[in-house]
Amino acid sequence: MQLIGKEEGIGALWNGVRASLVLVSNPTIHFVVYDKVNSIMTQAAENAGRKHLNALEVFVAGAIAKAVATLVTYPIQLAQSRMRAKKAEDGAANEWQILLKMYKEEGVASWFSGLNIKMLQTVLTAAFQFMCYEKIAALIFALLKKKSVTQ
C-alpha cells in the first residue's frame, strides 16, 4: 500500500470503487426483475389452473432476470475488466473515461463486445440457481408445514 501511495498517490487505493458501487446494482436488478417476471408467470399459471410454476418456467424467469441485469451493467463490467487488465495505459484514469473513449472511437456497440459469452455464462448459472432455489424452498416449506401440523 505504501508503494502504491508513493508511486500513484493515495487516490489509487480507491481506483474502481465507484464502478464497483454501481455494479452492486446487478443483483438488485436481477432480483427485482425476477420477482416481476415470476409474478407475471405465476398469474398466467394460475389462470391456466395451476398453483405453481414448473421448473422450466422458473428457469426461464431466472434467465430473463439475469439477462436484463447483465445487459444493464455489462458496459461498466467491461470497462472495469479493461482497467484491471491495464489496457487503460493510454491515459484513461477510470472506468468512465474508458467508456467515453470506447464510445468516441468505436461507438456504443463497443460497450457490449463479448456480451454473448458473458450472457451464456451468467444467464445459465442464474437460471439454474433460481430453479433450484424455488424447488428447494418449496420442499423446505412443505416439510416445515408438515412438521407443524403433526405437533
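What this report covers is the structure whose coordinates are included nearby. Positions within a chain are numbered from 1, following the residues in the order the chain's sequence is written. Local features are withheld for residues below a pLDDT of 70 in this predicted model, meaning they are given only at 70 or higher, and side-chain atom pairs are given and counted only at 80 or more; totals for whole chains, interfaces and linings count all residues. Each side-chain value is worked out from all heavy atoms of the structure, with water and hydrogens disregarded.

## Structural notes on the packing of aromatic side chains
Stage number 1. A pair of aromatic rings is counted whenever rings of Phe, Tyr or Trp (Trp by its six-membered ring) have centres within 6.5 Å, and the orientation is called stacked for planes under 30 degrees apart, edge-to-face for over 60 and tilted otherwise. This structure, assessed with the given rule, holds five aromatic pairs.
Stage number 2. Here phenylalanine 59 and phenylalanine 128 contribute two aromatic rings whose centre-to-centre distance is 5.0 Å and whose plane-to-plane angle is 75°, an arrangement assigned as edge-to-face. With phenylalanine 59 in helix H4 (residues 55–84) and phenylalanine 128 in helix H6 (residues 115–150), this residue pair connects regions lying 69 residues apart in the sequence.
Stage number 3. Judged by centre distance (6.1 Å) and plane angle (45°), the rings of tyrosine 103 and tryptophan 111 are tilted.
Stage number 4. Residue classification places tyrosine 103 among the partly exposed residues on the basis of a relative accessible area of 44%.
Stage number 5. An aromatic cluster of at least three residues, connected via ring pairs, comprises Phe31, Tyr34, Phe130 and Tyr133. Helix numbers and strand numbers start at the N terminus; a helix is a DSSP run of H or I with at least 4 residues, a strand a run of E with at least 2. Exposure is judged per residue with a 1.4 Å probe applied to protein chains only, and the accessible area is read against the type maximum: over 50% gives exposed, under 20% gives buried, and values in between give partly exposed.

## Some words on the side chain of serine 110
Stage number 1. Examined against the element boundaries, serine 110 turns out to sit in the loop between helix H5 (95–106) and H6.
Stage number 2. Judged by relative accessible area, serine 110 falls into the buried class, the value being 5%.
Stage number 3. Contacts are residue-level and defined by heavy atoms, with any inter-residue pair within 4.5 Å sufficient. Excluding anything up to four places from it in sequence, serine 110 contacts Leu78, Met102 and Tyr103.

## What about the nonpolar core?
Stage number 1. Core analysis: the largest hydrophobic core is formed by 16 residues, its most contacted members being Ile76, Ile98, Leu99 and Met102.
Stage number 2. Among the elements of the structure, helix H2 (17–23), H4, H5 and H6 are those that each provide at least two residues to this core.
Stage number 3. Residue contributions to this core peak at seven residues, all from H4.
Stage number 4. Put simply, a nonpolar core is a bunch of buried Ala, Val, Leu, Ile, Met, Phe, Trp, Tyr and Cys residues held in one set by side-chain atoms that sit within 4.5 Å of each other. Judged by nonpolar contacts, the second largest core, of ten residues, contains Val33, Ala45, Leu53 and Ala61.

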